[in-house]
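Examination of the molecular architecture
Chain residues, written in single-letter form:
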Amino acid sequence: MQLPVRRATTDSSLIAGDRGYSAGSQARRLVLSFLCAVLISSTLSAHAANPSSTASQQGSRETGVIDPSLDARVESILRSMTLEEKVGQLVQYSAGQATGPGTGRTDYEDMIARGQIGSLFNVVDTPLVKQYQHIAVEKSRLHIPLLFGLDVIHGFRTEFPIPLGMASTWEPALVEKASHVAALEASAIGIRWTFSPMVDIARDARWGRMAESAGEDPYLGSAMAAAYVRGYQGPHLDAPDTMSACAKHFVGYGAVEAGRDYNTTEISEHTLREFYLPPFHAAVNAGAATLMSAFNSLNGVPATANPFTLTQVLRKEWGFKGLVVSDWNSVGELVPHGIAADDATAARKALLAGVDMDMVSSLYHDHLAQLVRSGAVPEARVDEGVRRVLRVKFALGLFEHPYVDEGRAQQAFFLPESLQLAQTIAERSLVLLKNAPADGKPLLPISKDVKKVAVIGPIADNPSDPEGTLFGSTAPKSGVLSFPAELARRLGENNVIRAKGVGVTKASNERIAEAVAVARGADLAILTLGESPDMSGEAASRSNLGLPGRQQQLLEAVVATGKPVVLILFSGRPLTVPWAVEHVPAILAAWLPGTAAGPALARTLFGESNPSGRLVVSWPRSVGQEPLYYNALNTGRPPDTVDLTQPPRDVPTRYVSRYIDEVNSPQFPFGYGASYTTYSYGQTQVNKSQLSAADLNQGLNGKGAASAVLIAEAEVSNTGSRAGEEIVQLYVRLQGTSTAQPRALERQQRVRGRTIQGDRLDQSGFRPRSGDRPGNRAIGSRGKSRRRRKKNISGPKARSHFNRLTARLKSCPSLFAAKSELIRSP
Ligand code: BGC
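Taken as a whole, this structure holds six cavities of 30 Å³ or more when the rule is applied. Within this model, the largest cavity holds a volume of roughly 90 Å³.

Once the charged atoms of two side chains with opposite charge are near each other, the side chains can pair. Evaluation of the coordinates by the stated rule reveals 33 salt bridges. Residue Arg-542 pairs with Glu-531 through a salt bridge whose shortest N-O separation is 2.8 Å. On the criterion of sequence distance, the pair formed by Arg-542 in the loop between strand S17 (524-530) and helix H20 (551-559) and Glu-531 in the loop between S17 and H20 is long-range, its members being 11 residues apart. One salt-bridge network, in which partners are shared between bridges, spans Glu-75, Arg-315, Asp-356, Arg-381, Glu-384, Arg-387 and Arg-388.

For the protein chain, per-residue confidence averages 82 on the pLDDT scale, and residues scoring 70 or more make up 78% of the total. Note on residues 1-61: pLDDT is under 50 here. Beyond four places in sequence and across chains, it has 194 contacts. Confidence drops under pLDDT 50 across residues 781-826; counting only partners more than four residues distant or on other chains, this segment forms 139 contacts.

Under the criterion given, the structure shown has 18 aromatic pairs. With 5.1 Å between their ring centres and 65° between their planes, Trp-193 and Phe-195 make a pair best called edge-to-face. For Trp-193, a relative accessible area of 0% gives the class buried. Classification of Phe-195 by relative accessible area gives buried; the value is 1%. Considering the side-chain rings of Phe-668 and Tyr-672, the 5.2 Å spacing of their centres and the 20° angle between planes classify their relative orientation as stacked.

This part covers the site of the ligand. Taken together, 13 residues lie near the ligand, and Asp-151, Arg-209, His-249, Asp-327 and Glu-538 sit nearest. Within the side chain of Asp-151, a nitrogen or oxygen atom sits 2.4 Å from an oxygen atom of the ligand. One nitrogen or oxygen atom from the side chain of Lys-248 is found 2.8 Å from an oxygen atom belonging to the ligand. Taking 310 Å² as the accessible area of the ligand by itself, protein coverage stands at 99%.

Here helix H19 (residues 512-520) crosses H20 at 35°, and the two axes come no closer than 9 Å. Classified by chirality, the crossing of H20 by H19 is right-handed. Residues Ile-512, Ala-515, Val-516 and Ala-519 of H19 touch H20, and the partners they reach there are Gln-553, Leu-554, Ala-557 and Val-558. The class makeup of the residues in the contact of H19 with H20 is seven nonpolar, one polar and no charged.

The topology assignment puts Leu-529 in strand S17. According to the relative accessible area criterion, Leu-529 is buried, its value standing at 0%. When the C-alpha atoms of Leu-529 and Lys-500 are compared, they prove to be 9.8 Å apart, with 29 residues separating the residues in sequence. Ignoring anything within four residues of it in the chain, the contact list for Leu-529 reads Ile-456, Gly-457, Pro-458, Ile-459, Leu-547, Gln-551, Leu-554, Leu-555, Leu-567, Ile-568, Leu-569 and Phe-570.

We now examine the sheet that holds strand S18 (residues 565-570). Taken together, six strands build an open sheet; the order of strands is S12-S19-S18-S17-S15-S16 and the sheet is mixed. Looking along the sheet, the strands with just one partner apiece sit at the ends: strand S12 (431-435) and strand S16 (496-499). If you compare each strand with its neighbour and ignore which way they point, the axes differ by 15° on average. Taken together, the four bridges between strand S15 (residues 453-456) and S17 define a ladder with parallel strand orientation. Looking across to S17, one finds that Ile-456 is bridged to Leu-527. The sheet strands contacting H20 are S15, S17 and S18, and the helix crosses S17 at an angle near 170°.

Our focus in this paragraph is the packing of helix H17 (residues 416-429) against helix H22 (residues 597-605). Orientation of H17 relative to H22, taken along the N-to-C sense of each, is 50°, at an axis distance of 8 Å. With respect to H22, the axis of H17 lies oblique. The interaxial crossing formed by H17 with H22 has right-handed handedness. On H22, the residues that touch Gln-423, Ala-426 and Glu-427 of H17 are Pro-599, Ala-600, Arg-603 and Thr-604. In terms of residue class, the contact of H17 with H22 is built from three nonpolar, two polar and two charged.

Taken together, the five strands give an open sheet; going across it, the order is S5-S4-S3-S2-S11, and neighbouring strands pair in parallel fashion. Only two strands of the sheet have a single neighbouring strand rather than two, namely strand S5 (193-194) and strand S11 (358-359). As paired strands, strand S2 (residues 91-94) and strand S3 (residues 119-121) are joined by three bridges and run parallel to one another. Note on S3: the bridge partner recorded for Ser-94 is Phe-121.

Here is what the cut-offs are and how they apply
- Residues numbered from 1 in each chain as written.
- Predicted model: local features only at pLDDT ≥ 70, side-chain atom pairs only at ≥ 80, totals over all residues.
- Heavy atoms only, no water.
- 1 Å grid on protein atoms, 1.4 Å probe; cavity = no way out; pocket = protein on both sides within 12 Å on 5 of 7 lines; lining within 4 Å.
- Points joined across faces, edges and corners; volume = space filled by probe spheres on them.
- Salt bridge = Lys/Arg side-chain N within 4 Å of Asp/Glu carboxyl O.
- Helix = DSSP H or I, 4+ residues; strand = E, 2+ residues; numbered from the N terminus.
- pLDDT = per-residue confidence, 0-100.
- Contact = heavy atoms within 4.5 Å.
- Phe/Tyr/Trp six-rings, centres within 6.5 Å; stacked < 30°, edge-to-face > 60°.
- Buried < 20%, exposed > 50% of the residue type's maximum accessible area, 1.4 Å probe, protein only.
- Near = heavy atom within 4 Å.
- Polar contact = N/O pair within 3.5 Å; in protein donor to acceptor, adjacent residues only side chain to side chain.
- Areas by Shrake-Rupley, 256 points an atom, 1.4 Å probe, with all protein chains shown as cover.
- Axes fitted to C-alpha atoms, helices over the stretch in contact; angles between N-to-C directions.
- Left-handed = near helix turned anticlockwise from the far one by under 90°.
- Nonpolar A, V, L, I, M, F, W, Y, C, P; charged D, E, K, R; others polar.
- Pairing = 2+ DSSP bridges.
- Parallel < 35°, antiparallel > 145°, perpendicular 65-115°, else oblique.

Here's what the structure looks like:
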């Protein structure tokens, strides 16, 4: 297989300097080349999941999880194990903080000594980690080390922005570095398994776990998934500073109905393969050692007992050799789901469907041995699960080095380069939503005339504040200044006045009048509003997406003072703030920026950093628009030319796909983000007007891929007076296909003051879309604005290519077939 070739023509003059600002508004040009290698993958949609498949597959070998040389050792241990000891390797408990119903067990030490536990998680205290490990290695009969896991989601000690924020950088390379730092720090206390990345596609902002996602796009989600895996696992998993990654939640969890956590999902096989599976496939191809099955039921079959996804797709189609762990108690939850009449059946169904390890429910511990003895479960299936667990433990080097060196933590935590990285990522994650003029020029960056600022709002820098602490960071880091402290450093202590105004959600202790007075006494009011960290993430679905509590009232009261207002929104999801969009001149979406929130925000507001984050989720105007995502199908009645801001008045304005009380479009679209400078895009040029089916099919067969390369070029100019970084986005839409296709992101490139040559554009593959008829491609590039350039590539020559896809689609094993098998099984 050949990766897309990249050809970049550049004018070496810069669009932006990496450091500082260059003066002058003279347009500087950079010619971008986008190369789309078309359909090189051999499996429908597989390549979409796999932006860097060759590199990833190498990564998979290097990480050693499927290293065949381990097998002799694995088999040797397996042969000496009793059935109970085998089952023990498939059992995992949380020995720390609970995030769901538990078994009430606390007798971990006895169980470990008897070889009844394979993994523990939520143990975050090094001496305790060591204590449990000593019992496993010294007291259990076979001396098999434990594998310690934890949800290390966006850093361990050094906290990076939440994943939604990290994805807003559109820079997988940064995410890879952040994940490496997380591994370095967490492994220093003995954590060698992180339950991350969460690669669920998130299209509905009501779902709190959108915060943990990379957003709504499968291409970007795949690139991020692979980056997390590479960062956590490194080139060699047995290095002491790595963790095995766990891509979760397999699969479809992001589509929970009405955005309500743990809810049901209905996803057609087409949509599953086109949108929800690709990021998992990317993680697998990047060498992810483990996957986690999801809570949700998928088309009537809970994901934790779903043989179609867990065995057919994951094992047979993708060849995944790693370990599958259930989600918290999700084996036990097969009973309330209704597909298991009792606990033993739940254990049997989960194991047979493909879940190797039981997280927390204890049903494998309670029932598996008996199920094997009764013949309901073949021992060979248990053996297979044990092999997968042992392979991961061997690959991590746990048999050789089971104990963590307690001194390592000091050398791993909060390294200066880690803190610098956290700051860089936090800065690039910030999305400037609006920056309107106040007194003739944009409000941001903060003018030198501003001497005194009021910082108003319930999102506080005080760690003891039970509400929105520290802008999303749970542990303060001495030496890293908070946002108000950074402001005070620049403006002087007396020139930064704080007022909370209202609580995040509570109406009590309301002091709006005091906040208004504080605003009146300042040159500029900065409002820090939004959600506290516990309002997003797991079990944090919302049915309203506005500012919680009385924050809207606070905002309106401060705006009414007539003082210029900058609104910083902290949240794990987009918030519906139409009033603010209309009345507040400057709005910054900060997500939850982590440890470096203070410097990152201050540097951005003062213009030392130019915001370059772009939305990875469509930002709704109102909650009724959800689920809202850019890559939705067009419908047969797109309201293209209808003015949706006006109510329908006649047949043409009414009988189109629209709301009668809201415009269809998001408040801010996917890919959007403003800047302190401006960019202009030239006409997108493509190097051929037709893609020949012969070339495409040769590419499919791994031959002559270069001739199936489409080059799209756009000239991008920085037309403003400041340096900046633009994220250029390439969208492709197939037209004339028999299955409707949405506009889809195919490439992204962050452009800064350097040439494209040598950058990573070549690691991204063209995302094939299913279709079975000759088609057109509408190619559009988009930068920070909604401007698009389109060019159609059409032609009957594409016929055989799409015919091939049809054939493959038809031969896809049907979900319904898998379901009927399940129904037949007792
Ligand atoms: C979550 C998982 C998490 C697990 C362990 C579950 O409730 O859904 O994402 O990894 O708990 O903490």
